[in-house]
Amino acid sequence: MRKVVIAGYARSPFHLAGKGALARLRPDDMAAAVVRALVARSGINDGDIEDLVLGCAFPEGEQGFNVARVVGLLAGLPLSVGGATLNRFCGSSMSAIHYAAGQIQLGAGEVFVCGGVESMSRVPMAGFNPSPNPELARSSAAYLGMGETAEIVAERYGIPRQAQEAFAAESQRRAAAAQAAGHFADEIVPVSVKGVEVAQDGCLRPATTVETLAGLKPAFRTEGSVTAGTSSPLTDGASAVLVASEDYARAKGLPILARIASVAISGCAPEVMGIGPVHSSHKAMQRAGITVDDLDVVELNEAFAAQALACMGELGLDPAKVNIDGGALALGHPLGATGARIVGKAASLLARGGGRYALATQCIGGGQGIATVLEAV
Amino acid sequence: MGHSIAKVCVLGAGTMGAGIAAQVANAGVPVLLLDRTTDGPDRSIIARSALERLGKAEPAAFMSKAAARLVEVGNFDDDLGRVAECDWVIEAIVEKIEAKHALYARLEDVRRAGTAVSSNTSTIPLERLIEGRSEAFAQDFLITHFFNPPRYMRLIEVVSGARSNPDLVAAVSAFADQRLGKSVVACKDRPGFIANRVGTFWLQSAVNAAFDLGLSVEDADAIAGKPMGVPKTGIFGLVDLVGLDLMPYLKASLTASLPKDDPYQAIARDEPLILKMIADGYTGRKGKGGFYRINREAGKVKEAIDLATGTYAKARKPMSIPAVAQKDLRALLALRGKAGAYAWAVLGPTLAYAAALVGEVADDVLAIDTAMKLGYNWKYGPFELIDRIGADEVAQRLEAEGHAVPPMLKLAAGRSFYRVEGGQRQFLGLDGEYHPVTRPEGVLLLEDVKAASKPLLKNGSAALWDIGDGVVCLEFTAKMNALDGEVMTLIAQSIALVQRHYKALVVYNEGSHFSAGANLGQALFALNIAAWGEVEKLVRGGQQAYKALKYAPFPVVAAPFGMALGGGCEIVLNSDAVQAHAETYIGLVECGVGLIPGWGGCGELIQRLSENPRLPKGPMPAVAKAFETISTATVAKSAAQAQEIGFLRPSDGITMNRDRLLADAKARALAMVEGYTPPERPLFRLPGAGGRAALDLAVQDFAAKGLATPYDTVVAGKLAHVLTGGDADMADGVSEAELLALEVEQFMALVRDVRTVARIETMLATGKPLRN
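Along each chain, residue indices are assigned from 1 in the same order as the chain's sequence is written. Each chain gets a letter, beginning with A, and each ligand a number, beginning with 1, in the order they are written. Side-chain atom pairs in this predicted model are given and counted only at pLDDT of 80 or more, local residue features only at pLDDT of at least 70, and totals for whole chains, interfaces and linings cover all residues.

**Some thoughts on the UniProt feature "domain: 3-hydroxyacyl-CoA dehydrogenase NAD binding" (unreviewed entry) in chain B**
Phase 1 of the analysis: UniProt positions are given in the numbering used here, feature names are shortened, and annotations may be inferred rather than shown by experiment. The sites that carry the UniProt feature "domain: 3-hydroxyacyl-CoA dehydrogenase NAD binding" (unreviewed entry) are, in the present numbering, residues 7–189 of chain B.
Phase 2 of the analysis: The way it works is that DSSP assigns letters per residue, a run of H or I at least four long becomes a helix, a run of E at least two long becomes a strand, and they are numbered from the N terminus. Structurally, residues 7–189 of chain B is divided into 36% helix and 21% strand, and its ends, taken at the C-alpha atoms, are 27 Å apart.

Okay, here's the thing in structure tokens:
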């Protein structure tokens, strides 16, 4: 079977929704800047690209109109390149990668640009016209607020507030250290917002300590354990990776970051959606023929500290290997853009630090998990 | 006109300067706010900090976010040259003549000739301010004395000098009146002008008398507060509010500048206790407390100081004033013992002093009455008070006590200062003749109409007046302008009458507030006897009356001011156009008492929000915004904010000067008459059950966070049912009639709930919402 590789990764800076530096930037323009830079940096003939697949959790308003096609046109990709928008909420852009990998293995293309975009400033979570199915809303937790699911996971898996805060403080520390070490400089594509260049992430709070976090009020339940400090912030951002057949990458001399070893999707109860990565990661590792002990790098999306810790506990992950450059608690979580960020990051970490296997996995609202196992080349 | 004012500069960013700048911005006029230059990276930090404080001021200094953006800050060294961009420069720096002289000298070099320059001084005579200035400067100079806080206090005293250009004074006065919404009172160039001159005398008399008579502050405030129609805080409460340190300051200034034989000189004195309080930081509400303080150590206990010993003790219930003396000044003055003695000791000398000042500080009694009413929040001016007592009685008592009787008071012997003759209000002039009370052009007061005519229609809760040119005015008349079945009956009668004989109708009154909404007391009575049929009749009756107004074949213009809440908001929403006073506080607050809007407010708000181009398309955004606004009982803090929220349309007008509201509303109504067609009935596109599920989920989140009580979620559920169109499918439109029926259905479900009854009872008993 044809091998599929990750041959490039780029993202926009991530900024807080509403008050951040990207709040006045259209998401299609933001994604176009990232796609344009990724293609330019790779040096490929852009006519080779089969399709641009973009994940987006709320594809309406400025990120509607099949935003992938819009972004392709804005980015100046040849008219021959396709464009598909894909929605699996937070798993959207990881699914975009999975879709492209499948197409390549089908022989339906050699190189794809896969990414995601979300302006949580400009398109609100749940969209402009939320209309849940009333019967399902009554009878299930399908539409339960994400914060509430984190509280349920914290309760059910026994994750006390102090543990969540220690984890969040560590995520902030690692992100700050990675930023200081210049580890984000390669991946970030500076974007222009009304004439001003934005080149740095804006969500980080490097001064965070367990003490500062302990002072915050619960954000979702009066007696809850989850706070704004242990939840990923509403974020604006875009990301993209180059997904190619290994043959194509080698023929063109592309810098191969990692090979995709396996992928998986799983479902779970909506009220504990945060635990979704456990089953999907097990499935993906089994398909790759490895166990947790074989992993050198893990990117586990930090939607909430509570669910990240629960997943780490259930999977038996080594905290030292999880989110080495910090996670979404510090960097932010632009829903549709996160999947491609953590796959790109995991692949980059394999390339940077050696090691053989990496796992990128995330939870998905409504009750799903998604996972990708990468292998160093 | 030669002096149009398109940009204003305020020099001095203290409390007054910053507040004036904010009010200019509220008028939609750009302002440059300058203060002293500081060392450091930001040389304009003083003015910038003042602007930041303005943004957080409580009560709010700005009427809207857009207004706040109109203020630009700077400093005297880098930016003074920019006064050349401005048409009016208002100086509001420290009350030191040398500092003002120095700044004016610098202004001479940078301002354009013809740019008005005014001082906000409260104490320094104009002739002294312009000493050493050029002739051109003197011609462009005047005093404009604002009161604190400038947004809310309606008085502005204007003093022009011998050389002031009358056209320029007229232009500044017109701007202050029409754009800043102030009532201009022309004063002569005398120390303290009018309001502070009389007001300081009044406060000093009242404080002196309390000490001399050995009265407690609680008793003094009970006597010289509400019964006299002065702020209900009473004297000592008022001094606490404005600051104890202001008194020695005003005293020093007035004793230095008034003639030696001025009666104020005889009563001015420093009470050692008050000086000690100031020294100890008891400067009033801005300090550690004043004559009253809140003792937090004792658990938020209100305490009052003992004037004899200087010690604080729990505030006592004041002496009881008989009901008749609460309303009738003669009865108050006739009370035996300390109460009557104190009332006279406060009023007698103050009224005599005011009478002696006619001709001295202003040309007529009207100016003095207006200044005291708008500058010191007196319900009646000094001469209106004399009329309530009787000019002869006041004169006789002064004489009997060996005091001089001022000529003006003698002139009024056997007469009153005001009278109504031939339907016109008149005042007694210095010449001993009566003169008509004339209103500036563009000012129409219902008070004058009522004095001159009989109502076209009238019942216990409303009246209809002919305000000329084919326009009628619907007035609410019940306590708090509460709305009930009588109002609805009168609306129905009015529509029939206007259709036959008139062109347009304006909804307006001159109470303290436009309307606090439906008569809850009456509703509660009906609920307690389970008279559901009566309640439902009231709801349906209100809907019919309001919709009949909306679809009447003539224009209906609502002119709200002050509070327009609940049903008071709904009549505004059902009008064809609105001309609102800038200080309008409008909101659908029914949820606070466990109800939902029942007189068409739900549909009207959705319709306005649906027309808002800033909201995204689709059935949900307008509904979600209406839900948020109503379920949280949001009340706009100004007419400008009401436009931002969506209670008012962008096309609705805002009048800055309260006295111009009726004339503006009438003009608006008349402008709509030609070719008028009633609005078309809307067909709402509502999201149905799916949208309701989204709102319910949001409410559950709120409840989980502790931001909604259990009964809040019930009320919100009923509200969501109405706003989303009930069981209608999104693909089908919902008619206005169907939406009104939903309002009735859900309203009636709520009134049957004991928790709603509990909320209404608590609101009526305490004025505060019950969070059950």
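Having seen it, we continue.
**Some remarks on the environment of V207(B)**
All names here are of chain B.
Phase 1 of the analysis: Locating V207 in the fold gives a position in helix α8 (residues 195–213).
Phase 2 of the analysis: Linking V207 and S461, residues 254 residues apart in sequence, is a C-alpha distance of 41 Å.
Phase 3 of the analysis: Residue pairs are scored as contacts if the distance between their C-beta atoms, which are placed from the backbone, is within 7 Å. Beyond its immediate stretch of four places on either side in the chain, V207 contacts I235 and E271.

**What to know about the sheet that holds strand β1 (residues 8–11) of chain B**
All names here are of chain B.
Phase 1 of the analysis: Reading across from one edge, β3-β2-β1-β4-β5-β6-β7-β8 is the order of the eight strands in this open sheet, with mixed pairing throughout. The sheet is open, and its two edges are formed by β3 (71–75) and β8 (183–187), each paired on a single side. Each neighbouring strand pair of the sheet contributes to a mean axis angle of 25°, computed without reference to strand direction.
Phase 2 of the analysis: Where helix α2 (residues 45–56) meets the sheet, its contacts fall on β2 (31–35) and β3, and the angle it forms with β2 comes to roughly 125°. Here the rule is simple: two strands pair whenever DSSP picks up at least two bridges between them. For helices, the axis comes from a line fit to the C-alpha atoms of the stretch in contact; other axes are also lines fit to C-alpha atoms, and the angle between any two N-to-C directions lies between 0 and 180 degrees.

**Here's the deal with unusual backbone geometry**
Phase 1 of the analysis: A cis geometry characterises the amide bond from E58(B) onward to P59(B), with omega recorded as 0°.
Phase 2 of the analysis: For P59(B), the location among the structural elements is in the loop between α2 and α3 (65–68).
Phase 3 of the analysis: Cis geometry is found at the peptide bond from N148(B) to P149(B), where omega equals -5°.
Phase 4 of the analysis: Checked against the element boundaries, P149(B) lands in the loop between β6 (141–146) and β7 (155–160).
Phase 5 of the analysis: Phi is positive for N323(A), close to 55°, though the residue is something other than glycine.
Phase 6 of the analysis: Position of N323(A) relative to the elements: it lies in the loop between α10 (305–315) and α11 (328–331).
Phase 7 of the analysis: Look at K300(B): it is not a glycine, yet its phi comes out positive at around 60°.
Phase 8 of the analysis: Tracing the chain through its elements places K300(B) in the loop between β9 (292–295) and β10 (301–305).
Phase 9 of the analysis: With C-beta atoms placed from the backbone, a residue is buried if 20 or more other C-beta atoms are within 10 Å of its own, exposed if 12 or fewer are, and partly exposed between those counts. The exposure class assigned to K300(B) is exposed, which follows from the 8 C-beta atoms found within 10 Å.

**Points about the pairing of β10(B)**
Residues and elements named next belong to chain B.
Phase 1 of the analysis: Here β9 runs beside β10; their pairing, made up of four bridges, is antiparallel. Within β10, the position partnered with Y292 by the bridge is A304.
Phase 2 of the analysis: Here β9 hands over to β10 after five residues, with G299 in that stretch at a positive phi of 90°.
Phase 3 of the analysis: Here β10 folds back onto strand β11 (residues 312–314) in antiparallel fashion, the turn holding six residues, of which G310 has a positive phi close to 80°.

**Digging into the sheet that holds strand β19 (residues 556–558) of chain B**
Residue and element names in this part refer to chain B.
Phase 1 of the analysis: Strands sit in the order β15-β16-β17-β18-β19-β21-β23 across an open sheet of seven strands; the sheet is mixed. The open sheet is flanked by β15 (457–458) and β23 (653–655), the only strands paired with a single partner.
Phase 2 of the analysis: Pairing geometry for β15 and strand β16 (residues 462–466), over two bridges, is antiparallel. When the bridges of β16 are listed, L457 appears paired with L464.
Phase 3 of the analysis: Against the sheet, helix α29 (residues 661–673) touches β17 (471–476), β18 (504–507), β19, β21 (577–581) and β23, its axis set at about 150° to β18.

**Describing helix α23 (residues 520–528) of chain B**
Turn by turn, an α-helix covers 3.6 residues, leaving residues three or four places apart pointing in a common direction.
Residues and elements named next belong to chain B.
Phase 1 of the analysis: Turning to α23, its buried residues are L520, A523 and L527. On an axial view of α23, the arc spanned by its buried residues comes to 60°, and they lie on one face. In this structure, α23 carries F525 and N528 as exposed residues pointing more than 90 degrees from its buried face.
Phase 2 of the analysis: Buried positions along α23 lie against α24 (532–550), α32 (736–751) and α33 (754–766).
Phase 3 of the analysis: Once α23 ends, the next one or two residues include A530, with phi positive near 55°. The arc in question is traced by the directions running from the helix axis to the C-beta atoms.

**Topic: the nonpolar core**
Phase 1 of the analysis: V31(B), L33(B), I194(B), A343(B), I368(B) and V506(B) are the most contacted members of the largest nonpolar core, which has 259 residues in total.
Phase 2 of the analysis: For this core, the leading source of residues is helix α16 (residues 337–356) of chain B, giving twelve residues.
Phase 3 of the analysis: The term nonpolar core refers to a group of buried residues, namely Ala, Val, Leu, Ile, Met, Phe, Trp, Tyr and Cys, whose C-beta atoms join them within 7 Å. Counting 129 residues, the second largest nonpolar core, distinct from the first, contains A168(A), C203(A), V226(A) and A347(A).

**What to know about the UniProt feature "active site" (unreviewed entry) in chain A**
Residues and elements named next belong to chain A.
Phase 1 of the analysis: Mapped onto this numbering, the UniProt entry gives "active site" (unreviewed entry) at C90, H333 and C363. A compact arrangement is adopted by the annotated residues: their sequence extent is 274 residues, whereas the largest C-alpha distance between any two is 11.9 Å.
Phase 2 of the analysis: Along the chain, C90 turns up in the loop between β4 (82–86) and α3 (92–106).
Phase 3 of the analysis: Taking the number of C-beta atoms within 10 Å as the measure of exposure, C90 has 31 and is therefore buried.
Phase 4 of the analysis: When near neighbours in sequence (up to four residues on either side) are disregarded, C90 contacts A57, N301, A303, L335, T338, Q362, C363, I364 and G365.
Phase 5 of the analysis: Here C363 lies in strand β11 (residues 357–364).
Phase 6 of the analysis: For C363, a count of 33 C-beta atoms within 10 Å translates into the label buried.

**Considerations on the interface of chain A and chain B**
Phase 1 of the analysis: If you look at the interface, chain A gives 16 residues, while chain B gives 17 residues.
Phase 2 of the analysis: We call Asp, Glu, Lys and Arg charged. Ala, Val, Leu, Ile, Met, Phe, Trp, Tyr, Cys and Pro are nonpolar, and the rest, Gly among them, are polar. For the side of chain A that touches chain B, the class distribution of residues is eight nonpolar, six polar and two charged.

**Some words on the UniProt feature "domain: 3-hydroxyacyl-CoA dehydrogenase C-terminal" (unreviewed entry) in chain B**
All names here are of chain B.
Phase 1 of the analysis: The UniProt feature table records "domain: 3-hydroxyacyl-CoA dehydrogenase C-terminal" (unreviewed entry) at residues 192–293 and 345–399.
Phase 2 of the analysis: A distance of 30 Å separates the end C-alpha atoms of residues 192–293, which is 59% helix and 2% strand.
Phase 3 of the analysis: A distance of 14 Å separates the end C-alpha atoms of residues 345–399, which is 73% helix and 0% strand.

**So, the packing of helix α27 (residues 620–631) of chain B against helix α31 (residues 710–723) of chain B**
All names here are of chain B.
Phase 1 of the analysis: Two numbers describe how α27 lies on α31: the axes approach to 10 Å, and their chain directions differ by 145°. When you trace α27 past α31, the crossing you get is right-handed. The segment α27 lies against α31, with V623, A626, F627, I630 and S631 engaging A716, L719, A720 and L723.
Phase 2 of the analysis: Residue composition of the contact of α27 with α31, grouped by class: eight nonpolar, one polar and no charged. For a crossing to be left-handed, the near helix must be turned anticlockwise from the far one by less than a right angle; the clockwise case is right-handed.

**Examining the UniProt feature "domain: Thiolase N-terminal" (unreviewed entry) in chain A**
Phase 1 of the analysis: In the UniProt entry, the feature "domain: Thiolase N-terminal" (unreviewed entry) is given for residues 4–247 of chain A.
Phase 2 of the analysis: End C-alpha to end C-alpha, residues 4–247 of chain A measures 9 Å, and it is 34% helix and 20% strand.

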